[in-house]
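Here is what each chain is made of, one letter per residue.
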Amino acid sequence: MSTNLLVPTAKGLYCERGGFFIDPRRPVARAITTHAHTDHAPPGCDQYVCTQPTAELIRSRYGPNQNCLTLDWGKPHQFGEVMVSLHPAGHIMGSAQIRIEAIDGGPVWVVTGDCKDDDDPTTEPFESVACDVLIIESTFGLPIYHWPEPETVLSQINDWWSTNAAQERTSVVMTYAVGKAQRLLAGLDPSLGPIGIHGALVGPTEVYRAAGIELPETIRAGRDTATELQGRGIIVCPPSAAGTPWIRRFSGKDGMETAFASGWMAVRGRQRWRGVDRGFILSDHADWNGLLNIVRNSKAKRVGVTHGSTEAFSRYLREFEGVESFVLGDQRATSDGDDG
Ligand SMILES: [Zn+2]
Ligand SMILES: [Zn+2]
C-alpha cells in the first residue's frame with residue numbers, strides 16, 4: 001500500500017485507502033469534487049461528493065438526477081480508511097478544499113482545488129487549513145500576477161459601462177459563465193441601465209440567487225430584449241459569444257464596446273489576442289502573493305503543485321520557502337482554455 005494518501009493516475013488524483021478520485025479528468029465511480037467547473041467535475045461520474053452549492057451547480061448543468069453526496073462544511077465523513085472534510089476554497093460558490101486524514105493517523109493532506117483568498121461576496125471566504133502535505137494549484141504562480149483590489153476593478157467596469165452608455169454604445173463583457181460571471185454581476189450598478197445575460201449564464205445565476213447570493217436584476221439577452229439593451233445596457237456572456245450574430249444584434253447607435261474579465265488580462269497582449277477593446281483584471285484564482293500566503297498559512301512541509309506555472313512555483317517554494325515541493329502532472333488546459 002502506498003505511503004502517500006494521494007497518488008497521481010491517468011484519471012486524476014487517487015486515494016486508494018478511501019476508494020475515490022479527486023477532480024478526475026474522466027468519469028469514475030466516486031469523485032470528490034472541489035467545485036463545479038467542468039474541468040474539475042466531468043460529466044458521467046457515478047457519484048460526486050461535494051458541497052451543497054456545488055451539487056446544485058452540477059445538477060443545473062448535467063441534469064437533476066446526478067448522484068451527489070453532499071457534505072457539510074468542515075464535517076468529517078469516513079470513506080474506507082480515511083476521513084474527508086470540505087473547507088471553503090474561495091474560488092466560486094461552493095468551492096472546497098479537501099482535507100484527508102487516515103483513521104490510523106499519519107500526515108494530513110489538503111487539496112486546495114482552484115482557490116483564492118480575495119474578497120468576494122459571491123463565495124464562502126477561503127479558510128486556512130493546517131496540514132502536512134498541501135496540493136495547491138498554480139494557475140497564476142508567477143510573480144507577474146498581482147491582482148488589483150476587486151472593488152477597484154468592479155468600479156472601473158461600472159465607469160466604463162456608464163461612459164459607453166453616454167455614447168449609445170452597448171457594453172459587452174465576456175467572462176466564464178459559472179462563478180466569475182456572478183461575481184461580476186454582483187458588482188454591477190443596476191442604476192446605470194439594464195443588465196443582460198447570455199443563456200449560458202441563466203442556470204448558474206439562478207443557482208446563486210437560490211443560495212441567497214444577492215445579485216442585481218438581470219434579463220436574458222435575446223431577440224425580445226435586444227431593443228432594451230441596445231446602446232445603454234451591459235451584456236455579460238461567455239467568450240464563445242464573441243463575434244457571433246447573437247452578439248451583434250445588441251449593437252447600439254454607435255456600436256458596442258467589448259471587454260474581457262480575467263486574471264489573464266494582467267498580461268499585455270492577451271487583450272489584443274482576445275480581440276476586445278478593454279481587459280479587466282478580475283480573477284477567481286489566487287495571484288502570486290495569494291498562493292504564497294495560502295502555502296505559508298497551511299504550515300505544510302510538503303507542497304505538491306498542479307495546474308499552470310507548476311515548475312516555477314514549485315522551484316520557488318523549494319528555494320525560498322524552505323519546503324519540500326514537487327510537481328504533480330496535470331493535463332488540463334493551462335492558459336486561456338481554463339477558467340481564469
Ligand atoms: Zn475552477
Ligand atoms: Zn480549474
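Note that the structure is predicted; figures quoted are calculated from it, not measured.

A. Geometry of the pattern of salt bridges. Within the structure shown, the criterion is met by 13 salt bridges. Residue Glu324 is joined to Arg302 by a salt bridge in which the shortest nitrogen-to-oxygen separation is 3.5 Å. With a gap of 22 residues between them, Glu324 in strand E19 (residues 324–327) and Arg302 in strand E18 (residues 302–308) connect regions that are remote in the sequence. A relative accessible area of 24% means that Arg302 is categorised as partly exposed. When salt bridges with common partners are traced through the structure, they connect Arg17, Glu81 and Asp104 into a single cluster.

B. Quick peek at the domain arrangement of the protein. When its domains are assigned, the protein resolves into domain 1 (7–145 + 285–327) and domain 2 (150–280). Each partner contributes to the interface: domain 1 provides 17 residues, whereas domain 2 provides 17 residues. Note on domain 1 versus domain 2: buried area summed over both sides is about 1400 Å², and carbon and sulfur give 73% of it. For the pair domain 1 and domain 2, the number of links is one salt bridge. One can count three residue pairs in polar contact (both at pLDDT 80 or more) joining domain 1 with domain 2. Split into classes, the residues belonging to the side of domain 1 that touches domain 2 amount to seven nonpolar, four polar and six charged.

What counts, and at which threshold
Residues numbered from 1 in each chain as written. Chains lettered and ligands numbered in written order. Predicted model: local features only at pLDDT ≥ 70, side-chain atom pairs only at ≥ 80, totals over all residues. Heavy atoms only, no water. Salt bridge = Lys/Arg side-chain N within 4 Å of Asp/Glu carboxyl O. Helix = DSSP H or I, 4+ residues; strand = E, 2+ residues; numbered from the N terminus. Buried < 20%, exposed > 50% of the residue type's maximum accessible area, 1.4 Å probe, protein only. Domains from an automatic or database assignment. Contact = heavy atoms within 4.5 Å. Buried area = accessible area lost by both parts, 1.4 Å probe. Polar contact = N/O pair within 3.5 Å; in protein donor to acceptor, adjacent residues only side chain to side chain. Nonpolar A, V, L, I, M, F, W, Y, C, P; charged D, E, K, R; others polar.

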